[in-house]
Amino acid sequence: MLYREAGQFKSTYAEDQQIFPILQDRVAMAALLVVAFVVVPLIGNQYWLSAILTPFLVLALATLGLNILTGYAGQLSLGTAAFMAVGAFMAYNAMLRIPHMPILGAFIIGGLCAAAVGVVFGLPSLRIKGLYLAVATLACQFFVLWAINRIGWFSNHSSSGVISAQRIEILGFPVEHSQGKYLLTLSIVAVMALAAKNLMRSETGRAFMAIRDMDVAASVIGIPMMKTKLLAFAISSFYCGVAGALYAFCYLGTVEPEAFTLDLSFRVLFMVIIGGVGSILGSFLGAAFITLFPIFLNIATKSLETALGIEISHALVSNAEAIIFGGLIIFFLIVEPNGLARLWQITKEKLRLWPFPH
Amino acid sequence: MNFFIEVLAGGLLAGVMYSLVALGFVIIFKASGVFNFAQGSLVFFAALTFVSLLERGWNLWLALAVTLIAMVLLGILIERTVLRPLVNQPPITLLMATIGLTFVLEGLSQILWGSQPHGLELGIPDVPIEWLSEKWNINISQFDLFAAFVAGVLVAVLAVLFQKTRIGRALRAVADDHQAALAVGIPLQHIWAIVWAVAGFVALVAGVMWGVRNGVQYALTFTALKALPVLILGGFESIAGAIVGGLIIGASEKLAEVYLGPYVGGGIESWFAYVVALLFLLVRPEGLFGEKIIDRV
């Protein structure tokens, strides 16, 4: 079957505005969802589900959050990990302090608290932008981690700072195995990704993009600057907060400040850059790339070791990984500033014409 | 009162150390408009190279010269491979490119020289000056004073370079307007290579100073993050601003830690500088000495 829209006529506005206007795209997406929801949990082993796919989905959600702020609304943030930490700790506290709290409610509370923190630290964005704003969000990163470390209430006065997350229960059924956690993460991520996709096609999303492209022009055509910028911070932080809660509850199993360092903020930023700035699909591609890349590198060094009969030290591998990461960032910025999502788009355009050259 | 003066002086002298790092940022930003996030890893790279050469039994001055040459070459290489292809990109893209560069440099320096921390000795003891502590009971480290002296010399050298020499005039021209500088025949790419080389030199000085103070280790890269509030306070384009900003940040941070810290559980040094900078931004977004940009939204 050829991949093109010729012959697929739209007779209603709803059809015209659907997310995937081409039939083949809809089929592919449905197939992807079926694979992700049914096939993967059935055939995936525990290592793949709990060590690769779950963190990939969680980080994709965080990347999505940052992409809404940086990619769509054009406000650079280096405080992603702090928002995630707020989400994780507030979800933990909601579970701890509110009796009979459903886990999803705790996640939402975590997200909302992160959104509130995001709005507070987004306030400087009304006066400053670019580099200065990056420093302001950096302040958020350090301040939040300090507060969580120092104020005993957040960690329930735990002496070690590492607390194990509560058991996850949904409607009385415990979610314990890697399959269950994977499915829970996947469902939340899928719903939120759909919401983000639709939000970015709505008036709000277009207001974000107008501000990103030129803020003066945006305010001239009547987009309320303050409301829109703060909304961008709130939505982005909400996504990051939920991602942080999932990171703690479904992936790590512990809630600890050390999981949410500046390093994580940078990693999420890299996912945005490599995946594609201002693209929902790109968030997933970038997260997949950065999650899978170290594993690929590991396998490569293993096979290199056996092939050459030498031993490569662990330190060398991790340093090489840093170099290759950094190199890739620079490479992508120079060669393809729009990231993997743009490559995918080019492929699709080529596919539409295939087998003809023009 | 003595205690207050001691804390203040300690803070000011610590601020000088921040200024040393901030200077590297300012030089590059002035001439190319690039916010070089990798300055911290340049500092780390310089210090690690220097200390590793020393530990291999090299003469102090020889090691210094070789490290300097390495830094200059590195600066030129960075200009070639990273910045030249990114000319005319928005500042955010350039910032992200230098974040990538940070990772490359950190990995590279640890592959070359290993990742264990090193101690560094220059022969200047990090002990309180005797007559000050005897007479007024104020403890001020000898080494801190030396660092302040070095910073002063560095600023003087940079000021002469920027104000009095042919290269300095070209640098200022490029900083003012790339296109106009090109039009009057200033070779932009040479100038940028020079700028990065100078930044490498400043990184070396900062790296050696910080290395003596805290040892040469990976944590050195975080000093770069401390330089950010300094820059915001002083303005991104001003060498004087980097010094004054450093002093303010250093002093306020130490005073806050000593006088406010006990009330909130201590450790506020990690974020206090940022909050000072943030509050400052709300009042004066261009910094103390920065160029005024009229940019209302």
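This is a predicted model, so every value here is computed, not measured.

With respect to the overall build of chain A
Part 1 of the reasoning: When helices and strands are tallied, chain A shows 14 helices and 4 strands.
Part 2 of the reasoning: Relative to the 2.2 N^0.38 estimate, which gives 21 Å for 358 residues, the radius of gyration of chain A is 21 Å and therefore close to what a compact globule would have.
Part 3 of the reasoning: Expressed along its principal axes, the backbone C-alpha trace of chain A runs to roughly 65 × 65 × 45 Å.
Part 4 of the reasoning: A buried classification covers 44% of the 358 residues belonging to chain A.
Part 5 of the reasoning: For chain A, restricting intrachain contacts to residue pairs at least 6 apart in sequence, the fraction spanning at least 24 positions comes to 75%.

A closer look at the overall build of chain B
Part 1 of the reasoning: From N to C terminus, chain B includes 12 helices and 0 strands.
Part 2 of the reasoning: For chain B, the succession of helices and strands along the chain, N to C, is α-α-α-α-α-α-α-α-α-α-α-α.

Focus: the interface of chain A and chain B
Part 1 of the reasoning: Facing the 35 residues of chain A at the interface are 38 residues of chain B.
Part 2 of the reasoning: Looking at the side of chain A that touches chain B, the elements that each hand over two or more residues are helix 6 (131-150), helix 9 (215-220), helix 11 (262-275) and helix 13 (314-335) of chain A.

Some remarks on the nonpolar core
Part 1 of the reasoning: In terms of nonpolar packing, the biggest core is built from 205 residues, with Leu61(A), Ala85(A), Ala91(A), Val135(A), Val43(B), Ala47(B) and Val195(B) touching the most fellow members.
Part 2 of the reasoning: No other element matches helix 9 (residues 188-214) of chain B, which puts 18 residues into this core.
Part 3 of the reasoning: Here Val43(B) is in contact with Val21(B), Ala203(B), Ala206(B), Gly207(B), Trp210(B), Leu220(B), Thr223(B) and Ala224(B), once residues within four sequence places are set aside.

Some points on the confidence of the model for chain B
Part 1 of the reasoning: Per-residue confidence for chain B averages 80 on the pLDDT scale, and 88% of its residues sit at or above 70.
Part 2 of the reasoning: Across the interface, the model reports ipTM at 0.78; the global pTM reads 0.86.

Points about the packing of helix 10 (residues 223-234) of chain B against helix 12 (residues 269-283) of chain B
All names here are of chain B.
Part 1 of the reasoning: Remark: helix 10 packs on helix 12, axes separated minimally by 9 Å, with the N-to-C direction vectors making an angle of 25°. Classified by the angle between their axes, helix 10 and helix 12 sit roughly parallel to one another. As helix 10 runs across helix 12, the sense of the crossing is left-handed. For the pair helix 10 and helix 12, contact is made by Lys226, Pro229, Ile232 and Leu233 and by Ala273, Tyr274, Val276, Ala277, Phe280 and Leu281, respectively.

What to know about unusual backbone geometry
Residue and element names in this part refer to chain A.
Part 1 of the reasoning: For histidine 100, which is not glycine, the phi torsion reads 60° and is therefore positive.
Part 2 of the reasoning: With respect to the helices, strands and loops of the structure, histidine 100 is situated in the loop between helix 4 (80-97) and helix 5 (103-122).
Part 3 of the reasoning: Judged by the 5 C-beta atoms lying within 10 Å of it, histidine 100 falls in the exposed class.

Structural notes on the environment of Met225(A)
All names here are of chain A.
Part 1 of the reasoning: Counting through the fold element by element, methionine 225 comes out in helix 10 (residues 225-252).
Part 2 of the reasoning: Overall, the presence of 16 C-beta atoms within 10 Å leaves methionine 225 in the partly exposed class.
Part 3 of the reasoning: Sequence separation of methionine 225 and isoleucine 211 is 14 residues, and the distance between their C-alpha atoms is 7.8 Å.

What about the environment of Ala307(A)?
Part 1 of the reasoning: Mapped onto the elements, Ala307(A) comes out in helix 12 (residues 280-308).
Part 2 of the reasoning: Here the alpha-carbon distance between Ala307(A) and Trp354(A), two residues 47 residues apart in the chain, equals 40 Å.

A word on helix 7 (residues 178-201) of chain A
All names here are of chain A.
Part 1 of the reasoning: Compared with an ideal rise of 1.5 Å per residue, which puts 24 residues at 34 Å, helix 7 spans 34 Å between its outermost C-alpha atoms and is within 8% of the ideal.
Part 2 of the reasoning: Among the residues of helix 7, those classed as buried are Lys181, Tyr182, Leu183, Leu184, Thr185, Ile188, Val189, Met192 and Ala196.
Part 3 of the reasoning: Where helix 7 is buried, its residues touch helix 2 (23-43), helix 3 (46-72), strand 2 (168-170), strand 3 (173-175), helix 10 and helix 12.

What counts, and where the lines are drawn
- Residues numbered from 1 in each chain as written.
- Chains lettered and ligands numbered in written order.
- Predicted model: local features only at pLDDT ≥ 70, side-chain atom pairs only at ≥ 80, totals over all residues.
- Helix = DSSP H or I, 4+ residues; strand = E, 2+ residues; numbered from the N terminus.
- Rg over C-alpha atoms; globule rule 2.2 N^0.38 Å.
- Buried ≥ 20, exposed ≤ 12 C-beta atoms within 10 Å, placed from the backbone.
- Contact = placed C-beta atoms within 7 Å.
- Core = buried A, V, L, I, M, F, W, Y, C linked by C-beta atoms within 7 Å.
- pLDDT = per-residue confidence, 0-100.
- Axes fitted to C-alpha atoms, helices over the stretch in contact; angles between N-to-C directions.
- Parallel < 35°, antiparallel > 145°, perpendicular 65-115°, else oblique.
- Left-handed = near helix turned anticlockwise from the far one by under 90°.
- Expected span 1.5 Å × (residues − 1).

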